[in-house]
Structures are given as structure tokens and as C-alpha cells.
Amino acid sequence: MCPMREQTAQEDPSRRRFLFLTGTASIVAGAVGFLGATVRYLFPNVLYEPPSRFPVGLAKDFPPDSATFLAEHQLYVFNTREGFYSISSVCTHLGCNVQHLAGDGFSCPCHGSRFDRNGLVVSGPAPEPLPWFGVNLSARGEIVVDKQQIVNPEYRFKV
Ligand code: FES
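Cut-offs used in this document
Residues numbered from 1 in each chain as written. Predicted model: local features only at pLDDT ≥ 70, side-chain atom pairs only at ≥ 80, totals over all residues. Heavy atoms only, no water. Core = buried A, V, L, I, M, F, W, Y, C linked by side-chain atoms within 4.5 Å. Buried < 20%, exposed > 50% of the residue type's maximum accessible area, 1.4 Å probe, protein only. Helix = DSSP H or I, 4+ residues; strand = E, 2+ residues; numbered from the N terminus. Contact = heavy atoms within 4.5 Å. Disulfide = S-S within 2.5 Å. Pairing = 2+ DSSP bridges.

### Some details on the nonpolar core
Next, step 1: Grouped together as the largest cluster of nonpolar side chains are 27 residues, with contacts concentrated most on V56, V77, F84, V98, F106 and V145.
Next, step 2: Within the residue set of this core, elements represented by two or more residues are β1 (53-58), β3 (75-80), β4 (83-88), β9 (132-137) and β10 (142-151).
Next, step 3: Looking at this core element by element, the count peaks at four residues for β3.
Next, step 4: Ignoring anything within four residues of it in the chain, the contact list for V145 reads S52, R53, F54, V56, L75, V77, S86, F133, G134 and V135.

### Side note on the state of the cysteines
Formally, a disulfide is one covalent bond, and it connects the sulfur atom of one cysteine to the sulfur atom of another.
Next, step 1: For the structure shown, the criterion picks out one disulfide.
Next, step 2: Across the disulfide, C96 is cross-linked to C110 (sulfur-sulfur distance 1.9 Å). With the S-S dihedral at roughly -100°, the linkage between C96 and C110 falls on the left-handed side. With C96 in the loop between β4 and β5 (99-100) and C110 in the loop between β6 (106-107) and β7 (114-115), the pair connects residues that are 14 residues apart, well separated along the chain.
Next, step 3: By relative accessible area, which is 22% here, C96 ends up partly exposed.

### Topic: the sheet that holds β6
Next, step 1: Pairing in this open sheet of four strands is antiparallel, and the strands run β5-β6-β7-β8 from one edge to the other. One side of each edge strand has no neighbouring strand; the edge strands of this open sheet are β5 and β8 (121-123).
Next, step 2: Summarising the sheet, β7 and β8 pair through two bridges and their orientation is antiparallel. The partner of F115 across the bridge, within β8, is V121.

### With respect to the side chain of S66
Next, step 1: Of note, S66 is situated in strand β2 (residues 66-70).
Next, step 2: A residue is classified by how much of its surface remains accessible, and S66, at 14% relative accessible area, is buried.
Next, step 3: Ignoring anything within four residues of it in the chain, the contact list for S66 reads V77, F78 and N79.

Structure representation (C-alpha cells):
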């Protein structure tokens, strides 16, 4: 018998075993991937966002002629003689919370944007004014802010 033929005959079992293991591993990996994708499909992608309409407190909790910053909602609630109104505290540049200036308007601590008392841009880099949100009263007498109701700066809500 030729020595080469003898060597090939000896290698065949290990080659077969290698191909069997590689093929089996591929099938198992494919099955695991398919099962994983199927299980993942059963759990939909859901974003749990906070509600856009929420109570912020009783009207009497906001003193007359006050500006109240509500960090958890990222907005200001103003109580003036003309009524209540709410302005977003989120800077329209990159989203920092603006600070209400006791004298007038708002200032952004991040890049120095300035807004007037109505939230209009006085100096950039903020590209747009601060949005105003609708304000209502709940049946329980709470001030309710609706972030989806964008109103103009003449808006006031009388309680
Ligand atoms: Fe307000 Fe940049 S985030 S100026």
C-alpha cells in the first residue's frame, strides 16, 4: 500500500469529526439565534414617557407675582395679576435649564443665551424662543400644565 494513501485514510476520521462538529455548531448557533429573535419579538419596544399633562400643585401654592421653577417638569409657573402661565425651562440650544432672572427674562448657564420675559431670544446661540404651555385647572383645584398645548405669550389663565 502506498504510504500517502495510508496517511489519508488515517486523517479521514478526524476530518469527518471536524466537519460534523462544525456543522452541528452552525446549526445550534442558528437555532439559538432564531429562538432568541423569536423570544425578543414577544416583548415589544415600549417607551414609558412621563405624561405631557400633569398637575403641579394647588393655585394657592403659587404666591402672587411669583415665578416657580419646577425642576422635575423642567418649566416655570408664573402667577401674575393677569393670571397663570407656564414657560419651558429647557434652552432651545442644547437643552440646559435656563434660569429666571429676578429682574427680567431668562439666562442659560451653559452657553450664555438670553431670553426676554416672554421667552423670546435676545442673544444666541439659542435658535428659538422658549415654548409656552397651556395651563388649566383640574376638578380638584390643581393647576394643570399641558406640555402638548403650545400657546402664545399673550396666554393667561385666570383662576
Ligand atoms: Fe443654552 Fe447652549 S444650552 S445656550
